Amino acid sequence: MTDNLKPEHKKLVEKILNQQRIEAEDGVLLYEMELGTLAWLANTIREQKNGRNAYYIRNFHIEPTNICIYNCRFCSYSSKATGNAWEHDLEKIRSIVQTSPKDAREVHITGGVHPSRDVAYYSGILKAIKEERPDLHIKAYSAVELHKMIENAGMQMKDGLQMLKTAGLDSIPGGGAEIFAEDVRKKICPDKANGNQWMEVHRQAHLCGIRSGATMLYGHIESYADRIEHMNQLRKLQDETKGFLSFIPLKFRNSNNPMSDIAECSAIEDLKNYAVSRIFLDNFDHIKAYWPMIGKKMTQILLEFGVDDIDGTIDDTTEIYSRAGAEDQNPGMSSNEMRQLIETAGFIACERDSVYNIID
Ligand code: V47
Ligand code: SF4
């Protein structure tokens, strides 16, 4: 398998197979490796960590508002991008929860960063949801939303997070990470929390016992070195706290946003990127492909490239990607459909809870 490789790639393959850590300097070399070798390595690691299991969860989304003070250039979702603003009040949120699938285990809440809603308002949402459905795991508010709502309240990050935890926050999603590299971030999302601030929110959350996800927006103007540096920062924090549950690469989609002139990357690039993530992030247990964004067929292929989690049933409750050009415009799959998607790809379907306990 390694006979035809360049010497520098051969050395790297040996390191990976011996379960030695890849340095950041070596990471970029991975992107230059041929796809078959990457797939083989990523799948070897996937099988060491998760066997042939492929996880999914019954969940739904709540997007409290698309009004946002920020100006991310890849955003197709905010009211500035759509010309159509919405903001749900507490009654509306209660009614979404009341009519949500009874077998859902998790609600994923994220949205725009509203100019006037504060941490007390967002705590109220959590309390209302727990009153309706005490059993529901609440994965809520990206680090960008948290950074602003807690800053607005003049609170220390750890105190704000503690207040939200007391109100019902169980974990936080991985959104808002984009790419940490400052020069790129200034071009694509100039005004929101920067990379250090994003990391600090997650660090403090982990210290408060709130686990989280981590994303990376790829396939726009970033370099391979930027991607590796992004993952390297995540890997360091994971060494420190062990608080990340999964890594979720998010492919840049170019419809209906100010970055529409940038072509979307190829499917081969997607495969490479997921495989490199699986190899580089040696201290992450799970790599997630968010199926509504990357598409069902691609999700099946990605299971052979290091992915072991395909997120949730969603129940047609998210709009973040539909206008950006997502593969699935009305996302929703029943548990049976999710199992079928996994099983026809040759993997073992495992329903999970939010912290990866397997449900019988
Ligand atoms: O931070 C916005 C991304 C994220 C575009 O934690 C775009 O389990 C591609 O973070 N093209 C929000 N991506 C969604 C998110 C997420 C999704 C699924 C699961 C989890 C999890 C988290 O969506 C934003 C941004 O990176 N995004 N616009 C776009 N045009
Ligand atoms: Fe606001 Fe999020 Fe859109 Fe950025 S991506 S403008 S933070 S809604």
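Residues numbered from 1 in each chain as written. Chains lettered and ligands numbered in written order. Predicted model: local features only at pLDDT ≥ 70, side-chain atom pairs only at ≥ 80, totals over all residues. Heavy atoms only, no water.

Quick notes on the site of ligand 1
Inspection of the region around ligand 1 gives 21 residues, with Lys139, Gly174, Gly176, Glu178 and Lys288 positioned closest. Lys139 places a polar side-chain atom, nitrogen or oxygen, 2.8 Å from an oxygen atom of ligand 1. With respect to ligand 1, the side chain of Glu178 contributes an N or O atom lying 2.5 Å from an oxygen atom. If ligand 1 stood free it would expose 620 Å²; the protein chains cover 94% of that surface. Mapped onto the shell around ligand 1, the elements with two or more residues apiece are strand 6 (211-218) and strand 7 (244-251). Per-element accounting of the shell around ligand 1 gives the leading share, 3 residues, to strand 7. Broken down by class, the residue content of the shell around ligand 1 amounts to 10 nonpolar, 6 polar and 5 charged. (Near = heavy atom within 4 Å. Polar contact = N/O pair within 3.5 Å; in protein donor to acceptor, adjacent residues only side chain to side chain. Areas by Shrake-Rupley, 256 points an atom, 1.4 Å probe, with all protein chains shown as cover. Helix = DSSP H or I, 4+ residues; strand = E, 2+ residues; numbered from the N terminus. Nonpolar A, V, L, I, M, F, W, Y, C, P; charged D, E, K, R; others polar.)

Quick word on the packing of aromatic side chains
In total, this model carries 10 aromatic pairs according to the counting rule given. Ring geometry for Tyr77 against Trp86: centres 5.7 Å apart, planes inclined by 90 degrees, an arrangement best described as edge-to-face. A single burial state applies to Tyr77 and to Trp86, both of which are buried. Consider the rings of Phe180 and Trp198, whose centres lie 5.4 Å apart with planes at 50 degrees: the pair is tilted. A residue pair is termed long-range when its members are at least 10 positions apart, and Phe180 in the loop between strand 5 (171-172) and helix 9 (182-188) and Trp198 in helix 10 (residues 195-207) qualify at 18 residues. (Phe/Tyr/Trp six-rings, centres within 6.5 Å; stacked < 30°, edge-to-face > 60°. Buried < 20%, exposed > 50% of the residue type's maximum accessible area, 1.4 Å probe, protein only.)

Side note on the pattern of salt bridges
A full pass over the atoms with the stated rule returns 27 salt bridges. With a shortest N-O distance of 2.7 Å, Lys192 and Glu178 are connected by a salt bridge. Here Lys192, found in the loop between helix 9 and helix 10, pairs with Glu178, found in the loop between strand 5 and helix 9; they are 14 residues apart in sequence, far enough to count as distant. Like Lys192, the residue Glu178 is buried in the burial classification. Shared partners join several salt bridges into a network, and the residues in it are Arg58, Asp103, Arg105 and Glu351. (Salt bridge = Lys/Arg side-chain N within 4 Å of Asp/Glu carboxyl O.)

Quick look at the packing of helix 8 (residues 157-167) against helix 10
At a closest axis distance of 9 Å, the pairing of helix 8 and helix 10 adopts a crossing angle of 55 degrees. On the basis of their axis angle, the class for helix 8 and helix 10 is oblique. Of the two possible hands of crossing, helix 8 and helix 10 adopt the one that is right-handed. Mapping the contact onto sequence places Met157, Lys158 and Leu161 in helix 8 and Val201, Gln204 and Ala205 in helix 10. Broken down by class, the residue content of the contact of helix 8 with helix 10 amounts to 4 nonpolar, 1 polar and 1 charged. (Axes fitted to C-alpha atoms, helices over the stretch in contact; angles between N-to-C directions. Parallel < 35°, antiparallel > 145°, perpendicular 65-115°, else oblique. Left-handed = near helix turned anticlockwise from the far one by under 90°. Contact = heavy atoms within 4.5 Å.)

Read these as layout, nothing more, since geometry by itself doesn't imply function.
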